[in-house]
Each structure stands twice: as C-alpha cells, then as structure tokens.
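Reading the structure
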Amino acid sequence: DYADICFKNFGDRVKHWMTFNEPLTVVQQGYVAGVMAPGRCSKFTNPNCTAGNGATEPYIVGHNLILAHGEAVKVYREKYKASQKGQVGIALNAGWNLPYTESAEDRLAAARAMAFTFDYFMEPLVTGKYPVDMVNNVKDGRLPTFTAKQSKMLKGSYDFIGINYYSSTYAKDVPCSTKDVTMFSDPC
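Residues numbered from 1 in each chain as written. Predicted model: local features only at pLDDT ≥ 70, side-chain atom pairs only at ≥ 80, totals over all residues. Heavy atoms only, no water.

**Here we look at unusual backbone geometry**
Here the amide bond leading from Ala 37 into Pro 38 is cis, since omega sits at 10°, within 30 degrees of zero. Of note, Pro 38 is situated in the loop between α2 (23–32) and α3 (57–79). Positive phi outside glycine occurs at Glu 22, with the angle close to 55°. Checked against the element boundaries, Glu 22 lands in the loop between β1 (16–21) and α2. Of the residues examined, Glu 22 reaches a relative accessible area of 11% and is grouped as buried. At Lys 85, a residue that is not glycine, the phi angle is positive and equals roughly 55°. With respect to the helices and strands, Lys 85 occurs in the loop between α4 (81–84) and β2 (87–93). (Helix = DSSP H or I, 4+ residues; strand = E, 2+ residues; numbered from the N terminus. Buried < 20%, exposed > 50% of the residue type's maximum accessible area, 1.4 Å probe, protein only.)

**A word on the state of the cysteines**
One pass over the structure, following the stated rule, counts one disulfide. Two residues, Cys 41 and Cys 49, share a disulfide whose sulfurs are 2.4 Å apart. Handedness here is read from the sign of the S-S torsion; for Cys 41 and Cys 49, about 125°, the answer is right-handed. Per residue, the accessibility class of Cys 41 equals that of Cys 49, and both read buried. (Disulfide = S-S within 2.5 Å.)

Take a look at the structure:
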C-alpha cells in the first residue's frame, strides 16, 4: 500500500525507484546483532540482548523483505509503468568473500559466505528460490519457502540492481558446530 501511494503521488517525477536499500543490513544489524532498530538479537550474539531469536528471526525478516520487494514491483508494473515509464530496483549490499587459502574447503566457505549475504537476496529475484547453499545448510525449518505463486512473482522482479560494496573479507572453513548457530555463523 505504501509503495502504491508513493508511485501514485510521485511517479510523475521519480523515474528510478528503489524498494529497499541494503536489506542485508536490516537483517544483520536489526535481527542478529541487535545494534539497529528494532534491536532484536540473541544472548549468544550480543550479551546485552534483551529480546529476539537470532537463529530464526533473520530468516523470517529477510523472507518478508524479499516478498515486499516483489509485491511493490508487481504494483508498479501493473498500475504505473506504462504511463510513468519508470524503473524499479533494489540496492543490495554485501562484501566480497575471498578464500583464506586456495584449498577446496576455503573456496566452498567463501561461496557459502556469498550465498548467505548477496545471493540471499539476489537469487530469489532471478530464480524464485533461495541459494542452494542456504537451503542445504539451514536446518530445522528455519528458512521459509516461497509458494509457486510467490516464486513466479519474484522471478525478474527488477529493472536494475544497485550494489553497495564496502570491503572484502577472507573466508576460512571451520568444523561445523550447532552450538550458538546464527544466520551468520557456520550454518550447520
């Protein structure tokens, strides 16, 4: 509804719309670390945390951000694109992850890190599905799924992609442990 109001009232002047800026930051900082609004986290990621579940809430929030993006794009394309001739995109952020060594394990760790950051939001917009690494590594039903209708709506739901890139890090494979698993620790 909010996107519809914006398209209706400002579409004669705005030609490039962003549904979200850095949804990964919303998920990581608001629902894992708890350092940004709404301040949700788990004691095992932030000792000062007072509320939240960093092992489940980030996936629910990310899922809903992706669906909200898709719905906003759908509204624009169905009601406004023909007359306003604008474009709708999303601005994603993620650092680049390099393998710590050239070992196969560290290369896979770097690929997993990318799957849980950039691909987490990009893959559903391209294929309508979450990255295979996420699906294979997030256990206990914590990763929501898209219905067939949602998947169809998400595929191609962008005219452009904005990229906010700040830095690179190294990724090293570590033994899997389910103790204190969060979305951004080793995803057993």
